[in-house]
Amino acid sequence: MSETTIGVILLVVTLLVLFCGLPIAWGLVLVSLIFLTIFGGPNALAVVANTIMDELSSFALLTIPLFVLLGASIGVSAAGKDIYESLHRWLARVPGGLVIANILACGLFAAVCGSSPATAAAIGKIGVPEMLRRGVAPGLATGAICAGGTLGILIPPSITLILYGIATETSIGRLFLAGVVPGIMLVSMFAAYAWIASLLNAKAVALASQETYTLPEKMRGMLRVAPFLGIIVAIAYFMYGGLATPSEIAAVGAFLALVLVVAIYRTWRISELWLIFRDTVRESTMILMIIGAAALFSYMMSLLYVTQTAADALVSIEMNRWMLMVLINLFLLVAGCFLPPVAIILMLMPILNPVLEANDFDLIWFAIILTINLEVGLITPPVGLNLYVLRGVAPQVPLSTVLAGSMPFVALMFLAMVILSIFPEIALWFPTYLMGPGR
Amino acid sequence: MIRFVRLIDGVSVVCAAIASVFLLTAVLVVTWMIFYRAMGNSAFWEIEFAVYLMVAAIFLGSPYCAKTKGHVAVDLLTEFTPAAASRAIALTLAAVSLVICLYLTVEGAQLTYHAWASGETTESYWRPVKWPLFISMPIGLGLTALQYLAEIVRREHAS
């Protein structure tokens, strides 16, 4: 049987197995085992455990549980509420100020958290009830958090970018830096939309002018956020000063966050710490099991020459490179609606990497495009993880309202991708400025 | 039977607690290493030790992850099927997950045994033996398989 035929069968079988509802990690292992047994020759199964173990025992992967721990510690503490409160005090008189405060809080939280649902949960669990209580339109309120959460994987640290760095052998520090400016750009675009949408709504304008805070009140709010900003500065200092590798920074960040929540927020009861660690263990295991399984899957694809055949076929297509980029993005968009970013990056990047290089696309730039693209999948059904988070924090808002509220933000994400394609410097100048050209 | 389910649930939570301690230890070891190194000393065992702890933590976390439905799945099928059918699907999925975890448990156990019997070490300066790294795989996934068995028993018992 030719490699192309095997590739097509593999695609169909993988989709079938995953759509049955088998956990993605086990599904990938199952498909790998089936194909290795049928096509891989007598000894293909001998290395199954070793392949998974080799992939997992890497210092770079340690970044993931540690960044998850960093986000979880701050997420469980009252820090989310503090950031959000202090931003709200400054923005109280702006139409849509409450929504903007939520979006900015998501952006700030994203700077210590590498995961999108975790960001949406941390800010959303306080922000959404508050916005609804104060009469913000439910669609706008939930849409803003849904979209704001996706900033978690664009603004560093980002688990998606870490995996991309591992899969494509690009510098994780460089990828993180590349996410900064596009992240700020997306936050500004989201905030501008919330402002304009509220200006057009007479009720929202009336709502805004009711509250005032004195300057001391505003400053007090800032003070409570200061230690939290300190962690962001410490992470940035260690990482961009070249003092430590991403995994080491993740450890220091997690350590500082734990100290912060214990010392300032007095979260030292075992039952409270258990919440932090329980969520960390659960999420890290989920991500790393998929990574281990995806390693086996990639090994199988490569052994059966499916990876190489697919890449060769894509490279040999005579097509305008931007047309190809649009097609790749459409494919990622569909894939992103069903699979989490972790699985997509590890399964597809081995195929896409040579294609991007053959067509002269910058791998760092593509990381940002890919991340924004996969973010869209996080807020669209059927497997939009952020939607589930919203269902948890605001069960009274119907899913259709959340979705309708998210759509303008999705449109802004597409716009951001177009802007980044026209001006790749938005993503690239910062890493180039700090680290020089390279990958 | 229900005692078996409770026992397995309890074991999963205990494993998650051990995994938490391992992760915390990894955080402390790496943080300590950075300061130790900044003082001009050289570090040699810390990184590898932290990786051992992480690998153990994620495999030990797996049964808890399975218990709390933390392993992400595309659950489209069950959303669009009638209740009776989706119960049957859930049972089948738990059974398939159980078989996959059992298979990986056996493979992991063999890997561990070979590493133990041959005294295999890593290739670093520290050269720790590898079997303690590998053994977390059969333990963690074996318990995950038991957790899926407990899920099946729980469902049978409830219906």
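Everything here concerns the structure above.
Here we summarise the structure given alongside this text. Keep in mind the model is a prediction, meaning the values are calculated, not measured.

The rules we used
Residues numbered from 1 in each chain as written. Chains lettered and ligands numbered in written order. Predicted model: local features only at pLDDT ≥ 70, side-chain atom pairs only at ≥ 80, totals over all residues. Heavy atoms only, no water. Contact = heavy atoms within 4.5 Å. Buried area = accessible area lost by both parts, 1.4 Å probe. Salt bridge = Lys/Arg side-chain N within 4 Å of Asp/Glu carboxyl O. Polar contact = N/O pair within 3.5 Å; in protein donor to acceptor, adjacent residues only side chain to side chain. Helix = DSSP H or I, 4+ residues; strand = E, 2+ residues; numbered from the N terminus. Nonpolar A, V, L, I, M, F, W, Y, C, P; charged D, E, K, R; others polar. Expected span 1.5 Å × (residues − 1). 1 Å grid on protein atoms, 1.4 Å probe; cavity = no way out; pocket = protein on both sides within 12 Å on 5 of 7 lines; lining within 4 Å. Points joined across faces, edges and corners; volume = space filled by probe spheres on them. Phe/Tyr/Trp six-rings, centres within 6.5 Å; stacked < 30°, edge-to-face > 60°. Buried < 20%, exposed > 50% of the residue type's maximum accessible area, 1.4 Å probe, protein only. Patch = residues over 30% accessible without salt bridge, like charges linked within 9 Å, V, L, I, M, F, W, Y side chains within 5 Å. Areas by Shrake-Rupley, 256 points an atom, 1.4 Å probe, with all protein chains shown as cover.

On the chain A side, the residues contacting the 54 residues of chain B number 52 residues. In total, about 4,700 Å² of surface goes out of reach between chain B and chain A, with carbon and sulfur atoms giving 81% of it. Looking at the side of chain B facing chain A, the largest losses of area belong to I58(B), V72(B) and V74(B), adding up to 15% of the total buried there. Here chain B is connected to chain A by one salt bridge. Of the charged contacts in the structure, one is a salt bridge between E248(A) and R37(B), with a shortest N-O distance of 2.9 Å. The interface formed by chain B and chain A contains five residue pairs in polar contact (both at pLDDT 80 or more). Mapped by element, the contributors of at least two residues to the side of chain B that touches chain A are α1 (2–38), α2 (46–67), α3 (83–118) and α4 (131–158) of chain B. If one sorts the elements of the side of chain B that touches chain A by residue count, α1(B) sits on top with 14 residues. Its residues assigned to classes, the side of chain B that touches chain A shows 39 nonpolar, eleven polar and four charged.

Before going further, it helps to spend a moment on α1(B). Here α1(B) is 37 residues long and its end C-alpha atoms lie 54 Å apart, about the 54 Å a rise of 1.5 Å per residue gives. Looking one or two places after α1(B), you find G40(B), whose phi comes out positive at around 100°.

Moving on to the environment of M407(A). On the secondary structure map, M407(A) appears in helix α20 (residues 399–422). Put simply, M407(A) and T380(A) are 27 residues apart on the chain and 8.9 Å apart in space, counted from C-alpha to C-alpha.

Time to look at empty space enclosed by the protein. According to the stated counting rule, one finds two cavities of 30 Å³ or more in the structure shown. A volume near 70 Å³ is recorded for the largest cavity. Around the largest cavity, the lining comprises twelve residues; the ones closest to its centre are G336(A), L339(A), P340(A), P341(A) and L378(A). Counting only elements with at least two residues in the lining of the largest cavity, the list comes to α16 (321–338), α17 (341–358) and α18 (363–378) of chain A. Residue contributions to the lining of the largest cavity peak at three residues, all from α18(A). Taken together, the residues of the lining of the largest cavity break down into ten nonpolar, two polar and no charged. Computed from the structure, the second largest cavity encloses a volume of approximately 50 Å³. Taken together, A25(A), W26(A), V29(A), I52(A), L56(A), L288(A), M289(A), G292(A), A293(A), L104(B) and L141(B) make up the full set of residues lining the second largest cavity.

Turning to the packing of aromatic side chains, a few remarks are in order. Residue and element names in this part refer to chain A. Tallying each qualifying case throughout the model produces 17 aromatic pairs over all chains. Plain terms: the ring middles of F19 and F338 are 4.8 Å apart, the flat faces sit at 40° to each other, and that makes the pair tilted. Of this pair, F19 sits in helix α1 (residues 3–19) while F338 sits in helix α16, and the two are 319 residues apart along the sequence. Judged by relative accessible area, which is 26%, F19 ranks as partly exposed. For the pair Y193 and F409, a centre-to-centre distance of 5.1 Å together with 80° between the ring planes defines the contact as edge-to-face. Note that Y193 is positioned in helix α10 (residues 172–199) and F409 in helix α20, a separation of 216 residues in sequence.

Another point: a nonpolar patch on the surface. Residues and elements named next belong to chain A. The grouping of I317, M319, M323, V326, L327 and L330 at the surface amounts to a nonpolar patch, some 490 Å² of accessible area in total. Here L330 lies in helix α16. When its relative accessible area of 47% is taken as the criterion, L330 is described as partly exposed.

We now examine the side chain of S198(A). Positionally, S198(A) belongs in helix α10. Here A194(A) takes part through its backbone oxygen, which lies 2.7 Å from a polar atom of the side chain of S198(A).

The next point concerns the layout of surface pockets. All names here are of chain A. Its boundaries defined by the atoms lining it, the second largest pocket holds a volume of some 890 Å³. Considering the residues around the second largest pocket, the lining is formed by 31 residues, among which L11, A310, F331, L348 and I351 are closest to the centre. Here the lining of the second largest pocket takes ten residues from α1, the largest share from any one element.

Let us look at the environment of W195(A). Residues and elements named next belong to chain A. Examined against the element boundaries, W195 turns out to sit in helix α10. With relative accessibility at 39%, the residue W195 sits in the partly exposed group. Taking the C-alpha atoms as reference points, W195 and L98, separated by 97 residues in sequence, lie 9.7 Å from one another. Residues contacting W195, with those up to four places away along its chain left out, are V94, P95 and I100.

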